[in-house]
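# A look at the structure
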Amino acid sequence: MTTAKRLGLTTIALVSMGASAAYYATTMAMKGYGVSSSLNYLVLALIAALTILMLLVFWRSVHRGMSQVARQLCEMADTGEIGLVMVRGSNELTEVTNPLNKLLTGIEEEVESLRSEKRELQIQSRIASAEKHHTEAIIFSISDAVIVTNRFDELVLANEAAEELLDFKLNTSLRKNIDRIVSDGSLVRLIRETRNHGLRSIRKVVEHSIDKNGVAKTFTVTLSCVAASNDEVSGVVAVLHDITREKEIARMKTDFVSNVSHELKTPLASIKAYIEMLIDGEAEDEQTRCEFYDIISGETDRLHRLIENILNISRIESGVVKVVREPISLTGVVKRVIDVASPQAKLKSIELEERLAPVFYQVEADEDMIYQAAMNLVSNAIKYTPEGGKIIVEVSVDERRGVAVCGVADTGAGIPTADLPHIFEKFYRVNANKKLAKGTGLGLTLVKHIIESVHNGELSVTSEEGQGSRFGFELPVLK
Ligand code: ADP
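Now for the site of the ligand. As a matter of local geometry, the ligand sits amid 20 residues, with Asn380, Tyr384, Arg429, Thr440 and Leu444 nearest to it. A distance of 3.2 Å separates an oxygen atom of the ligand from a polar backbone atom of Gly443. Between the ligand and Ser469 there is a distance of 3.5 Å, counted from a nitrogen atom to a side-chain nitrogen or oxygen. Considered on its own, the ligand offers 530 Å² of accessible surface; in the complex 98% of this is hidden by protein. Those elements that provide at least two residues to the shell around the ligand are α11 (367-383), α12 (443-454) and β12 (468-476). No other element matches the 3 residues that α11 contributes to the shell around the ligand. Considered class by class, the residues forming the shell around the ligand number 9 nonpolar, 8 polar and 3 charged.

A separate point is the pattern of salt bridges. In this structure the tally under the stated criterion is 24 salt bridges. As a salt-bridge pair, Arg195 and Asp153 come within 2.5 Å of each other at their nearest N and O atoms. Here Arg195 is found in helix α7 (residues 185-197), whereas its partner Asp153 is found in the loop between β1 (145-150) and β2 (155-158), with 42 residues between them in sequence. Residue Asp153 is classed as buried on the basis of its relative accessible area of 4%.

Once that is clear, we can look at unusual backbone geometry. In terms of backbone geometry, most residues other than glycine have negative phi values and most peptide bonds are trans. Unlike most non-glycine residues, Arg175 shows phi in positive territory, near 65 degrees. With respect to the helices and strands, Arg175 occurs in the loop between α5 (170-173) and α6 (178-181). Assessed through its relative accessible area of 57%, Arg175 is described here as exposed. One non-glycine residue, Asn213, lies in positive phi territory at about 50 degrees. Position of Asn213 relative to the elements: it lies in the loop between β3 (203-212) and β4 (215-227). Look at Asn213 and you get exposed, because its relative accessible area is 72%.

Time to look at the sheet that holds strand β7 (residues 351-356). Spatially, the 5 strands line up as an open sheet ordered β7-β9-β10-β12-β11, and their pairing is mixed. Either end of the sheet is taken by a strand with one partner, and the two such strands are β7 and β11 (458-464). The average undirected angle you get between the axes of adjacent strands in this sheet is 10 degrees. As defined by bridge partners, strand β10 (residues 403-410) adjoins β12 across 7 bridges and the pair is classed as antiparallel. Paired with Val403 across the strands is Pro476, a residue of β12. Across the sheet, helix α10 (residues 330-347) touches β7, β9 (390-398), β10 and β12, and the angle it forms with β7 is around 175 degrees. Sitting on the sheet, α12 is in contact with β11 and β12, with an inclination near 140 degrees to β11.

This part covers α11. Here α11 is 17 residues long and its end C-alpha atoms lie 24 Å apart, about the 24 Å a rise of 1.5 Å per residue gives. Of all 17 residues making up α11, 14 are buried, and the element is well covered by its neighbours.

The subject of this paragraph is the domain arrangement of the protein. Taken domain by domain, the protein comprises domain 1 (1-120), domain 2 (142-242), domain 3 (247-316) and domain 4 (323-476). Just the C-alpha atoms count here: the centres of domain 2 and domain 4 sit 48 Å apart.

What follows covers the packing of α11 against α12. Relative to each other, α11 and α12 sit at 140 degrees, their axes nearing to 9 Å. For α11 against α12, the interelement crossing comes out left-handed. Facing Met369, Ile370, Gln372, Ala373, Asn376, Leu377 and Asn380 of α11, the residues of α12 in contact are Gly443, Leu444, Leu446, Val447, Ile450, Ile451 and Val454. Of the residues in the contact of α11 with α12, the class split is 10 nonpolar, 4 polar and no charged.

Let's shift gears to helix α3 (residues 94-141). Every α-helix winds through 3.6 residues per turn, so residues three or four apart in the chain are directed the same way. End to end, α3 covers 68 Å across 48 residues, agreeing with the expected 70 Å (1.5 Å per residue, within 8%). Thr97, Leu100, Asn101, Leu104, Glu136 and Ile139 are the residues of α3 that are buried.

Bringing the environment of Thr97 into the picture now. Relative to the helices and strands, Thr97 is located in helix α3. Along the primary structure Thr97 and Thr220 are separated by 123 residues, whereas in three dimensions their C-alpha atoms are 76 Å apart. For Thr97, the residues in contact, after removing those within four places along its chain, are Val69, Val85 and Val87.

All right, on to a nonpolar patch on the surface then. Where nonpolar side chains cluster on the molecular surface, the patch consists of Leu39, Leu42, Val43, Leu46 and Ile47 and spans about 460 Å² of accessible area. Position of Leu42 relative to the elements: it lies in helix α2 (residues 34-79). Look at Leu42 and you get exposed, because its relative accessible area is 52%.

Moving on to a negative patch on the surface. Taken together, the side chains of Asp280, Glu282, Glu284, Asp285, Glu291 and Asp294 present a region of like negative charge at the surface. Mapped onto the secondary structure, Asp294 falls in helix α9 (residues 286-318).

Look at α10 against α11: their axes get within 9 Å of each other, and the N-to-C directions meet at 35 degrees. Here α10 runs over α11; the crossing is right-handed. Residues Leu330, Val333, Val334, Arg336, Val337, Val340, Ala341, Gln344 and Ala345 of α10 touch α11, and the partners they reach there are Glu367, Ile370, Tyr371, Ala374, Met375, Val378 and Ile382.

With that out of the way, let us pick up the packing of aromatic side chains. Within the structure shown, the criterion is met by 3 aromatic pairs. Pairing Phe360 with Tyr361 gives two aromatic rings, centres 4.8 Å apart and planes at 35 degrees, and the pair type is tilted. You can call Phe360 exposed: its relative accessible area is 59%. The exposure class of Tyr361 is partly exposed, given its relative accessible area of 23%.

In this structure, Leu330, Val334, Ile370, Ile423, Ile450, Ile451 and Phe473 are the most contacted members of the largest nonpolar core, which totals 52 residues. Residue assignment places this core across two domains, with domain 3 (247-316) and domain 4 (323-476) each supplying three or more. Sequence-distant contacts of Ile451, defined by excluding residues within four places in its chain, comprise Ile370, Ala373, Asn456, Gly457, Glu458, Leu459 and Phe473. Grouped together as the second largest cluster of nonpolar side chains are 23 residues, Ile147, Val188, Ile210 and Ala238 included.

Reading the values: rules and limits
Residues numbered from 1 in each chain as written. Predicted model: local features only at pLDDT ≥ 70, side-chain atom pairs only at ≥ 80, totals over all residues. Heavy atoms only, no water. Near = heavy atom within 4 Å. Polar contact = N/O pair within 3.5 Å; in protein donor to acceptor, adjacent residues only side chain to side chain. Areas by Shrake-Rupley, 256 points an atom, 1.4 Å probe, with all protein chains shown as cover. Helix = DSSP H or I, 4+ residues; strand = E, 2+ residues; numbered from the N terminus. Nonpolar A, V, L, I, M, F, W, Y, C, P; charged D, E, K, R; others polar. Salt bridge = Lys/Arg side-chain N within 4 Å of Asp/Glu carboxyl O. Buried < 20%, exposed > 50% of the residue type's maximum accessible area, 1.4 Å probe, protein only. Pairing = 2+ DSSP bridges. Axes fitted to C-alpha atoms, helices over the stretch in contact; angles between N-to-C directions. Contact = heavy atoms within 4.5 Å. Expected span 1.5 Å × (residues − 1). Domains from an automatic or database assignment. Left-handed = near helix turned anticlockwise from the far one by under 90°. Patch = residues over 30% accessible without salt bridge, like charges linked within 9 Å, V, L, I, M, F, W, Y side chains within 5 Å. Lys, Arg positive; Asp, Glu negative; His and termini not counted. Charge placed at Lys NZ, Arg CZ, Asp CG, Glu CD. Phe/Tyr/Trp six-rings, centres within 6.5 Å; stacked < 30°, edge-to-face > 60°. Core = buried A, V, L, I, M, F, W, Y, C linked by side-chain atoms within 4.5 Å.

Rendered as structure tokens:
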């Protein structure tokens, strides 16, 4: 029998008992049983009072039990901790609490399993987010431009190099179609084509030109499809590697080979021609023969210089050069250079002015190398200064800084600002000045190596196009 039923029946029984007692008392009173009737009234009143008391006790016990159940359920709701409902001092509610506890146990097991699933998902989500950050960090650290699109051609990832190259901001461009972000139509086409071809052509590499601030740059674009787990294409990764410099170096090397061949051929052809003339007896008198010998000797020197330049650069670069460091007079070395170069300057009617510090100032250096460096600067000044120009060769000593300075200033063609940072690079020749003189683009490389790498000195240049240039180097003066 359920508690409710039991409760109902007990109430009915007690109420019936009370009612029957009341009826019995009333009847007796009406029949007029004198003294004993007052006794009966007392008994009846006692029965009624007892009945009400029992009812009260019963209801109080049930109410207390229900309150305990309600409080425990509220606590469970507040803390989220599900446990069993316990009712102390009352057995009336066991038929309610037993199924309730069974239900709560089921719920608790369910909640526990959901909690462990949640924990598992949280761990997986943390791992996925760490992996995402790691991948992004890798992509951001790549110096090549990287852009990643999804299968709808929307941008999903790009690094700073890509933002800079293609002129967009990642945070405002995410999930936008690539053709709304990248103005370079052919690059957009390449990405679309790669996605369309799908996994048949996993990777392709194409050469592509991009105009950046008016300067054409060449890139190799490596396009790869990203495969999703169902073997479908989930996107495209495009990596743009700048090969402008490599192409420039390749072009410079080709130029160098043809320049060197030309430089070698010209003196060789001249030597061969004069020797043939001598063999054929075309130099009839001693004076003509001497002139021919001088030319042959001069051309041989030219050949020797060219080969020496190439060899010296490669020796310094590979670190096998033998440096003979000794106290030398910079003025003395530069004086010898001027003496050798003067005839060349005279041929072009160039005024060669010397402003030399006293010879007793000494620097510790390799005399042959310093001679070579100064000679290259003076010959360049003569080569790139038109007829009638002026060159000032100067050696001064800055006592305060303790350095000897050699400067070669000319009124020649000058060097365009854009070329200035490159003129010390191997094989680099200024386009605008190529017609003025032949060369290999090695002279200044050698000067830089000699002054900076071998002697720890400083080389400087200032130049204004059409106005002239000033090259200078300084070395610590010996005390
Ligand atoms: P090159 O054999 O071509 O003269 P260099 O290395 O000596 O090679 O010089 C590199 C380039 O710098 C030259 O091609 C030339 O265009 C430029 N240059 C060097 N010196 C001068 C100068 N005094 N005036 C103008 N241009 C110069």
